[in-house]
Amino acid sequence: MIKAVIFDMDGTILDTLKDIQIAVNYACQIKSIEQKSLKQIRDGVGNGAYTLIKRVVPSGYTEEETKDFFKIYQAYYNQNHTANTGPYPGILELLEKLKNQKILLGVVSNKFEHLVDALNKEMFKGYFDVSIGETKGVPIKPAPDMLYRALDVLGVNKDEAVFVGDSDTDMITAKNAHVKSIGVTWGFRDKEILLKYEPSYIVDNTHELFDIIVKEILT
């Protein structure tokens with residue numbers, strides 16, 4: 001029986017793309033390089049902020065130049081991460097319904113943990129029992145370590161949880177952790193990409209997600 005549902009954050013429960021794009025383009029402006037489209041940002045996210053920056057800076061950038069760009073980006077994003085960010089339609093209602101079913105809720109994200117905590121408090125007051133983000137010394141997704149950490153905090157084993165995400169990274173994470181996965185199609189990756197990684201389930205809206213959790217997993 002499933003006792004906990006753990007969510008990815010960006011692209012799954014929160015639409016963060018515009019604020020990430022604005023922060024990247026702020027750094028681009030400072031460094032006098034070409035501005036990045038929303039699609040370029042969408043294609044680059046999913047494996048942590050520094051990997052995003054490595055994907056969007058010019059190919060000839062040195063490691064030192066990349067780190068400098070990243071510092072500019074991260075400082076701006078730290079101060080402006082909620083201006084255009086909000087839950088996807090139906091997410092708050094979904095979380096409330098899951099809470100009413102006495103299901104434990106968690107977030108596991110490749111964002112830095114201070115940002116995951118801040119967004120959890122600002123956007124989802126009272127819903128999540130644990131929020132896990134990137135911290136020093138802990139491998140990020142698709143390594144299973146952060147997901148295992150969430151399971152430990154929630155006090156459930158691998159067979160008692162399901163991981164919900166929008167990306168190939170999330171589906172691989174679930175497989176690496178031997179946890180059931182649900183892919184959502186409203187986020188940062190297309191359905192065809194998700195299907196390649198064989199999620200346990202795939203859904204197109206929050207109503208389908210709730211029905212799968214309650215009717216197919218809890219029963």
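## Notes on unusual backbone geometry
At the junction of lysine 141 and proline 142, the peptide bond is cis and its omega measures out at 15° in the coordinates. Considering the arrangement of structural elements, one finds proline 142 in the loop between β5 (130-134) and α7 (145-154). We note that histidine 178 has phi near 60°; this positive angle belongs to a residue other than glycine. Considering the arrangement of structural elements, one finds histidine 178 in the loop between α8 (168-177) and β7 (180-184).

## Quick notes on the confidence of the model for the chain
The pLDDT averaged across the chain works out to 95; a share of 99% of its residues lies at or above 70. When pLDDT is averaged over each helix and strand of the chain, the minimum, 90, is found for helix α10 (residues 206-217) and the maximum, 98, for α7.

## Re helix α4 (residues 63-79)
Note: α-helices contain 3.6 residues per turn, so residues at a spacing of three or four share the same orientation. Between its first and last C-alpha, α4 extends 25 Å over 17 residues, near the 24 Å set by a 1.5 Å rise per residue. Within the sequence span of α4, burial applies to Thr66, Phe69, Phe70, Ile72, Tyr73, Gln74 and Tyr77.

## Some details on the packing of aromatic side chains
Scanning the model with the defined rule gives seven aromatic pairs in all. Ring plane angle 10° and centroid distance 5.8 Å describe the contact between tyrosine 73 and tyrosine 77, whose orientation is recorded as stacked. Taken together, the positions of tyrosine 73 and tyrosine 77, both in helix α4 and four residues apart, correspond to about one turn of that helix. The pair formed by tyrosine 73 and tyrosine 77 is uniform in burial state, with each residue classed as buried. Sitting over the ring of phenylalanine 210, lysine 97 keeps its end group 4.3 Å from the ring centre.

## Quick notes on the packing of helix α3 (residues 49-56) against α4
In contact at an axis separation of 10 Å, α3 and α4 are set at 120° when each is read in the N-to-C sense. It follows from the interaxial angle that α3 and α4 lie oblique. When the axes of α3 and α4 are compared, the crossing they make is right-handed. Residues Ala49, Tyr50, Leu52, Ile53 and Lys54 of α3 pack against Glu63, Thr66, Lys67, Phe69, Phe70, Tyr73 and Gln74 of α4. Here the residues of the contact of α3 with α4 are counted per class, giving seven nonpolar, two polar and three charged.

## Looking at the pattern of salt bridges
Across all of its chains, the model carries 13 salt bridges by this definition. Between lysine 39 and aspartate 43 there is a salt bridge whose closest N-O contact spans 2.7 Å. Residue lysine 39 and its partner aspartate 43 are located together in helix α2 (residues 38-44), separated by four residues, close to a single helical turn. Two residues, arginine 42 and aspartate 190, come together in a salt bridge whose shortest N-O distance is 3.4 Å. Taken together, the residues arginine 42 in helix α2 and aspartate 190 in the loop between β7 and α9 (191-196) connect sequence positions 148 residues apart. Each of Asp8, Lys141 and Asp170 takes part in a single network of salt bridges with overlapping partners.

## Some details on the sheet that holds strand β1 (residues 4-7)
Pairing in this open sheet of six strands is parallel, and the strands run β5-β4-β1-β6-β7-β8 from one edge to the other. The open sheet has two edge strands with one neighbour each: β5 and β8 (201-203). Adjacent strand axes in the sheet meet at a mean angle of 20° when their direction is disregarded. Bridge count between β1 and strand β6 (residues 161-165): four bridges; the pairing is parallel. Counterpart to phenylalanine 7 in the pairing with β6 is valine 164. Packing against the sheet, α10 makes contact with β1, β6, β7 and β8, and its axis sits at approximately 150° to β8.

Analysis parameters
- Residues numbered from 1 in each chain as written.
- Predicted model: local features only at pLDDT ≥ 70, side-chain atom pairs only at ≥ 80, totals over all residues.
- Heavy atoms only, no water.
- Helix = DSSP H or I, 4+ residues; strand = E, 2+ residues; numbered from the N terminus.
- pLDDT = per-residue confidence, 0-100.
- Expected span 1.5 Å × (residues − 1).
- Buried < 20%, exposed > 50% of the residue type's maximum accessible area, 1.4 Å probe, protein only.
- Phe/Tyr/Trp six-rings, centres within 6.5 Å; stacked < 30°, edge-to-face > 60°.
- Lys NZ or Arg CZ within 6 Å of the ring centre and 35° of its normal.
- Axes fitted to C-alpha atoms, helices over the stretch in contact; angles between N-to-C directions.
- Parallel < 35°, antiparallel > 145°, perpendicular 65-115°, else oblique.
- Left-handed = near helix turned anticlockwise from the far one by under 90°.
- Contact = heavy atoms within 4.5 Å.
- Nonpolar A, V, L, I, M, F, W, Y, C, P; charged D, E, K, R; others polar.
- Salt bridge = Lys/Arg side-chain N within 4 Å of Asp/Glu carboxyl O.
- Pairing = 2+ DSSP bridges.

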